[in-house]
Amino acid sequence: MSLLKGLRDKPSRLTVASKYTALNGIGYLVVGAILIVWPRVTQALFREPAFAGHEQALMRVIGLTVAVIGWLYFFGGRSGARQFIAASVIDRLIFVPAVLIPLAIAAVFPHLFLTFTIIDALLAIGAWLLLARE
């Protein structure tokens, strides 16, 4: 099987939870791309302080990380695997807040990280509810 064919494969019918997860992935891809292309969006949208050192490069790395997560969520959702959706709920409700909230408390991009944590947790709850309905 070619790599591109493997990327195009998907079950004939995806559940609502799978489609929701894939759509979340597209959102993460977009947010990641924005952070890569326009790292100072943190100042424009979240009123974070001006960068003092190499934070612009760090923001691009964060953007790449978010884009890769989006890529994986998109294809994980398209796979139709309930296990993937369940795992994404756990990581978004436990791991993301466990890392980003202490960073925000330490004044590291607090508006950006708290906003992302809240949105990510709400999206996770949405996936959980959809998964529970299936």
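Here, the structure is the one placed above.
Residues numbered from 1 in each chain as written. Predicted model: local features only at pLDDT ≥ 70, side-chain atom pairs only at ≥ 80, totals over all residues. Heavy atoms only, no water.

**Student:** How should I be thinking about unusual backbone geometry in this particular structure?
**Tutor:** For residues other than glycine, phi is negative in most cases, and the peptide bonds are mostly trans. The phi dihedral of R47 is positive, around 55°, even though this residue is not glycine. One can find R47 in the loop between α3 (41-46) and α4 (55-79). A positive phi angle, near 40°, is found at F109, a position not held by glycine. Inspection of the secondary structure assignment puts F109 in the loop between α5 (82-105) and α6 (110-133). (Helix = DSSP H or I, 4+ residues; strand = E, 2+ residues; numbered from the N terminus.)

**Student:** Teacher, can you tell me more about α5 here?
**Tutor:** Because an α-helix completes one turn every 3.6 residues, residues spaced three or four positions apart along the sequence face the same direction. Taking 1.5 Å per residue as the helical rise, α5 with its 24 residues ought to reach 34 Å, and the 34 Å between its terminal C-alpha atoms agrees with that figure. Of all the bends in α5, the greatest, near 40°, is centred on P97. Every buried residue of α5 is accounted for by I85, S88, V89, R92, V96, P97, L100 and A104. Taken together, the buried residues of α5 touch α2 (16-37), α4 and α6. (Expected span 1.5 Å × (residues − 1). Bend = angle between axes of the 7 residues up to and from the residue. Buried < 20%, exposed > 50% of the residue type's maximum accessible area, 1.4 Å probe, protein only. Contact = heavy atoms within 4.5 Å.)

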